[in-house]
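This is what each chain is made of:
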Amino acid sequence: MDYPAGKQEIVAQARKNNAPQDVITAIEGGFSDRTYRSAADVSTEFGKVR
């Protein structure tokens, strides 16, 4: 994954890597439309929505 990345790029990467549908749903519904600068940013956001 290349950073910075937006929510749609993260969703696309999750689909590419065959992430479970509940993970994709969590990203689509819970992530904000901001720019994520690193994997740590994504991990922090994911922890908020799960």
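Everything numeric here is computed off the predicted structure, so don't read it as measured data. (Residues numbered from 1 in each chain as written. Predicted model: local features only at pLDDT ≥ 70, side-chain atom pairs only at ≥ 80, totals over all residues. Heavy atoms only, no water.)

Peer 1: Report on the environment of isoleucine 27, specifying residues and quantitative values.
Peer 2: Along the chain, the position of isoleucine 27 falls in helix α2 (residues 21-30). A C-alpha to C-alpha distance of 11 Å links isoleucine 27 and lysine 48, two positions 21 residues apart in sequence. In this structure, isoleucine 27 is in contact with Lys7, Ile10, Val11, Ala14 and Phe46, ignoring residues within four places of it in sequence. (Helix = DSSP H or I, 4+ residues; strand = E, 2+ residues; numbered from the N terminus. Contact = heavy atoms within 4.5 Å.)

Peer 1: Which residues make up unusual backbone geometry, and what values go with them?
Peer 2: Cis peptide bonds are those with omega within 30 degrees of zero, and the linkage from tyrosine 3 to proline 4 qualifies with 5°. Looking at the secondary structure, you find proline 4 in the segment before α1 (7-16). Even without being a glycine, asparagine 18 presents a positive backbone phi close to 55°. Along the polypeptide, asparagine 18 turns up in the loop between α1 and α2. The class for asparagine 18 is exposed, based on a relative accessible area of 69%. (Buried < 20%, exposed > 50% of the residue type's maximum accessible area, 1.4 Å probe, protein only.)

Peer 1: Could you give an account of the pattern of salt bridges, with specific residues and numbers?
Peer 2: Pairs can form between side chains of opposite charge once their charged atoms are near each other. Enumeration over the complete set of coordinates arrives at two salt bridges. Its salt-bridge partner being lysine 7, residue aspartate 33 comes within 3.4 Å of it at the nearest N-O pair. Here aspartate 33, found in the loop between α2 and α3 (39-49), pairs with lysine 7, found in helix α1; they are 26 residues apart in sequence, far enough to count as distant. The residue glutamate 28 makes a salt bridge to arginine 15 at a minimum N-O spacing of 2.9 Å. Residue glutamate 28 is located in helix α2, and its partner arginine 15 is located in helix α1; the two are separated by 13 residues in the primary sequence. Judged by relative accessible area, glutamate 28 falls into the partly exposed class, the value being 34%. By relative accessible area, which is 45% here, arginine 15 ends up partly exposed. (Salt bridge = Lys/Arg side-chain N within 4 Å of Asp/Glu carboxyl O.)

Peer 1: Give me the environment of glycine 29: which residues, what numbers.
Peer 2: Locating glycine 29 in the fold gives a position in helix α2. Spatially, the C-alpha atoms of glycine 29 and glutamate 45 are 12 Å apart, while their sequence positions differ by 16 residues.

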